[in-house]
Amino acid sequence: MTEQRLIDELVARAADDADRFRRDHPGEKPSTLWMENSYTAALPLAKDAAQFDPGPDVHPRLFDVYKTEITRRVGSSGEDSEASRKEGDELVQQPTRGEW
């Protein structure tokens, strides 16, 4: 049940991020890199709101939940994250609701 609270919070953050993306970038689709950056910022906030931390391991299922919600609401550019990065590019966290 506690993991479900985390998933629900992550979906809510994804919905907010998708709405903000649509508003800031009308007609565009988010890249995988944008989704990774946004997820990186959203996950700690979702953990806090759910009062549940699944630990420091990589949680691909949680990213899949987040990415699926973004894609459902906005779509995806289809870019592969590795292919869309130039050498030297770094991940930049995007602010999510609660950080603005």
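Bear in mind the structure is a predicted one, so any value in this text is a computation, not a measurement. (Residues numbered from 1 in each chain as written. Predicted model: local features only at pLDDT ≥ 70, side-chain atom pairs only at ≥ 80, totals over all residues. Heavy atoms only, no water.)

Draft legend 1. The arrangement of helix α1 (residues 2-24) in detail. The end-to-end C-alpha separation of α1 is 33 Å, in line with the 33 Å expected for 23 residues at 1.5 Å each. Along α1, the residues classified as buried are Leu6, Ile7, Leu10, Arg13, Ala14, Ala15, Asp16, Asp17, Ala18, Arg20 and Phe21. Residues of α1 that are buried in the fold lie against α2 (32-50) and α3 (60-73). (Helix = DSSP H or I, 4+ residues; strand = E, 2+ residues; numbered from the N terminus. Expected span 1.5 Å × (residues − 1). Buried < 20%, exposed > 50% of the residue type's maximum accessible area, 1.4 Å probe, protein only. Contact = heavy atoms within 4.5 Å.)

Draft legend 2. Here's a closer look at the layout of surface pockets. Space inside the largest pocket adds up to approximately 170 Å³. Of all elements in the fold, only α2 and α3 reach the threshold of two or more residues within the lining of the largest pocket. Tallied by class, the residues present in the lining of the largest pocket amount to six nonpolar, two polar and two charged. (1 Å grid on protein atoms, 1.4 Å probe; cavity = no way out; pocket = protein on both sides within 12 Å on 5 of 7 lines; lining within 4 Å. Points joined across faces, edges and corners; volume = space filled by probe spheres on them. Nonpolar A, V, L, I, M, F, W, Y, C, P; charged D, E, K, R; others polar.)

Draft legend 3. Local environment of unusual backbone geometry. For Gln51, which is not glycine, the phi torsion reads 55° and is therefore positive. The topology assignment puts Gln51 in the loop between α2 and α3.

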